[in-house]
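Analysis of the macromolecular model
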Amino acid sequence: MTEPEPTAPARPLAPAPAVVPLSVPPTDAEVDSWTRLLGAVRAADLPAVPAPGRVEVCGRLRVSSIRGRSVHWAVPGEGGELDGVAALLLFTDEGNTHGAFLNDLAVRPAARRRGLGRALWEAVLAELRAQQRTSLAVLVETGTPAQAFAERLGFENVLPMGWHVQRVPAGPVEAPEAPSGYRLVSWSGEVPDAWADASAVAHGSMEDAPTGDLDERAPAWTGERVRLAQRLVVDRGGVILSVAALTASGEMAAYTELVLADPADTRALQYDTVVVPAHRGRGLGRLVKRRMLAEVVAAYPALREIATTVADENAPMLGVNEALGYRRERDVALFQLKL
């Protein structure tokens, strides 16, 4: 009779990652570490694309969106650093209280494959269920680890999009003039009272923009809501610039908005560009964007690029951007999970 082989001792299970709520408001140390983490993720996954800076990250973490309530989590690492973060926006605007948007779910590259992403997701999912939310959307950089992670969780691509980038000329840009029947106006920050109501009507024209199968209703715009949205950018430390084409009667026929999340940024974000249906086909979209380019180059000479997202099915805006020199930089998509 032979002696039985000794049984190998069981390997101890790794402790579950500790997911903790972020301080309210987040401390400077937490903001700094969150910023460094997003920078490390961008360097690993999309090294050619600038990462969000501290001003932008701090603004998003400390100043709530006008659309809802934000919840933030982190996984603490060594030396006071954060190894993982998650940011969830729970919509409170009318018609969207069933939904939410995942602004961040990121793990430091050196800390990946340790279950941190899954632990953060479980915290997000628990909050969604506690708040009785039935859908969650997220903007995913396709072709990166984020897409594979989202698909494993059951998210589906509901709106393919692209990031498009325009190089900013180094010298002055000639400002175009408005065609007969229109005049161009511009402002920084909140829309002046004289144009607030007209701006709200023009913002309402975004309802026909492509949204794919996204389970989300467009907001009802008022002059006050336009001001709140623009004030949010400023309160978060950024700059928002607007150019609009007005008719002789004061109707806002078209407008465009440009945002620098940090006034020192070298890449600006093109927000909305809208032409009211009754005024389409007259080149007003190109006109307001060209005037914006001339004004932002004069005001911010360090600016080098303007980036924007456009849905792949939005052929008119893709044509406008191509005519202005925008080139596709990378693919993204809105993904959605039904709970």
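Residues numbered from 1 in each chain as written. Predicted model: local features only at pLDDT ≥ 70, side-chain atom pairs only at ≥ 80, totals over all residues. Heavy atoms only, no water.

**Comments concerning the pattern of salt bridges**
Operational definition: Basic side-chain nitrogens of Lys or Arg form a salt bridge, by our definition, when they fall within 4 Å of a carboxyl oxygen of Asp or Glu. Counting from the N terminus, the helices are DSSP H or I runs at least four residues long and the strands are E runs at least two residues long. Each residue's exposure class comes from its accessible area (1.4 Å probe, protein chains only) as a fraction of the maximum for that residue type: buried when under 20%, exposed when over 50%, partly exposed otherwise.
As enumerated under the stated definition, the model contains 23 salt bridges in all. One salt bridge connects Glu141 with Arg330, and the closest N-O pair in it is separated by 2.8 Å. On the criterion of sequence distance, the pair formed by Glu141 in strand 5 (residues 135-141) and Arg330 in strand 12 (residues 327-338) is long-range, its members being 189 residues apart. There is no split in this pair, since Glu141 and Arg330 are both buried. Between Glu190 and Arg231 there is a salt bridge, and its shortest N-O distance comes to 2.9 Å. Of this pair, Glu190 sits in the loop between strand 7 (182-188) and helix 5 (193-204) while Arg231 sits in helix 6 (residues 223-235), and the two are 41 residues apart along the sequence. With a relative accessible area of 33%, Glu190 lands in the partly exposed category. Three or more residues joined by partner-sharing salt bridges are found here, namely Glu141, Arg167, Arg267, Glu305, Glu329 and Arg330.

**Things to note about the packing of aromatic side chains**
To keep things clear, this is the line we draw: Only Phe, Tyr and Trp rings are paired, with Trp represented by its six-membered ring, and only when their centres lie within 6.5 Å; those with planes under 30 degrees apart are stacked, over 60 edge-to-face, the remainder tilted.
Summed over the entire model, instances satisfying the criterion amount to two aromatic pairs. Between the aromatic rings of Trp121 and Phe155, the centroid separation amounts to 5.7 Å while the plane-to-plane angle is 65 degrees, which identifies the pairing as edge-to-face. With Trp121 in helix 3 (residues 116-130) and Phe155 in the loop between helix 4 (145-152) and strand 6 (156-167), this residue pair connects regions lying 34 residues apart in the sequence. By relative accessible area, which is 3% here, Trp121 ends up buried.

**Regarding the sheet that holds strand 7**
Note the cut-off: Only when DSSP finds a minimum of two bridges between them are two strands counted as paired. Contacts are assigned to residue pairs with any non-hydrogen atoms lying within 4.5 Å of each other. Axes here mean lines fitted to C-alpha atoms, for a helix over just the part in contact, with angles spanning 0 to 180 degrees between N-to-C directions.
The sheet built from twelve strands is open, its strands ordered 1-2-3-4-5-12-6-11-10-9-8-7 with mixed pairing. Bordering the open sheet on either side are strand 1 (20-21) and strand 7, each of which pairs with just one other strand. Pairing of strand 3 (residues 82-91) with strand 4 (residues 99-107) involves seven bridges; the strand directions are antiparallel. Looking at strand 4, one finds that Ala87 is bridged to Asp104. On the sheet, helix 5 packs against strand 7, strand 8 (239-247), strand 9 (252-260) and strand 10 (267-275) and is oriented at approximately 90 degrees with respect to strand 9.

**Some points on unusual backbone geometry**
The phi torsion of most residues other than glycine is negative, and most of the peptide bonds are trans. A cis amide bond, omega -5 degrees, links Val24 with the succeeding residue Pro25. With respect to the secondary-structure elements, Pro25 resides in the loop between strand 1 and helix 1 (28-45). Positive phi is not limited to glycine here, since Arg113 has a value of about 65 degrees. Among the structural elements, Arg113 can be located in the loop between strand 4 and helix 3. Positioned with a positive phi, Gln132 is a non-glycine residue whose angle comes to about 60 degrees. Among the secondary structure elements, Gln132 is positioned in the loop between helix 3 and strand 5. Under the relative-accessibility criterion, Gln132 is labelled exposed at 66%.

**Quick notes on the packing of helix 7 (residues 284-299) against helix 8 (residues 315-323)**
The line we're drawing: Orientation categories follow fixed angle ranges, with anything under 35 degrees roughly parallel, anything over 145 roughly antiparallel, 65 to 115 roughly perpendicular, and all other angles oblique. Note: crossing handedness is left-handed where the near helix turns anticlockwise from the far helix by less than a right angle, and right-handed where it turns clockwise. Residues were grouped as follows: Ala, Val, Leu, Ile, Met, Phe, Trp, Tyr, Cys and Pro as nonpolar; Asp, Glu, Lys and Arg as charged; and all remaining residues, including Gly, as polar.
One can describe the packing of helix 7 onto helix 8 by two numbers: an axis separation of 10 Å at closest approach and a directional angle of 45 degrees. Judged by the inter-axis angle, helix 7 sits oblique to helix 8. Considering only the axes of helix 7 and helix 8, their crossing is right-handed. Where helix 7 abuts helix 8, its residues Gly285, Arg286, Lys289 and Arg290 lie against Met317, Val320, Asn321 and Ala323. Residues that form the contact of helix 7 with helix 8 fall into these classes: three nonpolar, two polar and three charged.

**Regarding the side chain of Glu141**
Stated formally: We call two N or O atoms a polar contact when they sit within 3.5 Å, provided that within protein one can donate a hydrogen and the other can accept it, with sequence-adjacent residues counted only if both atoms are side-chain atoms.
Residue classification places Glu141 among the buried residues on the basis of a relative accessible area of 17%. There is a polar contact of 2.8 Å between the side chain of Glu141 and the side chain of Arg330. Sequence-distant contacts of Glu141, defined by excluding residues within four places in its chain, comprise Leu46, Gln147, Trp163, Arg330, Asp331 and Val332.

Geometric values such as these leave the question of function open.
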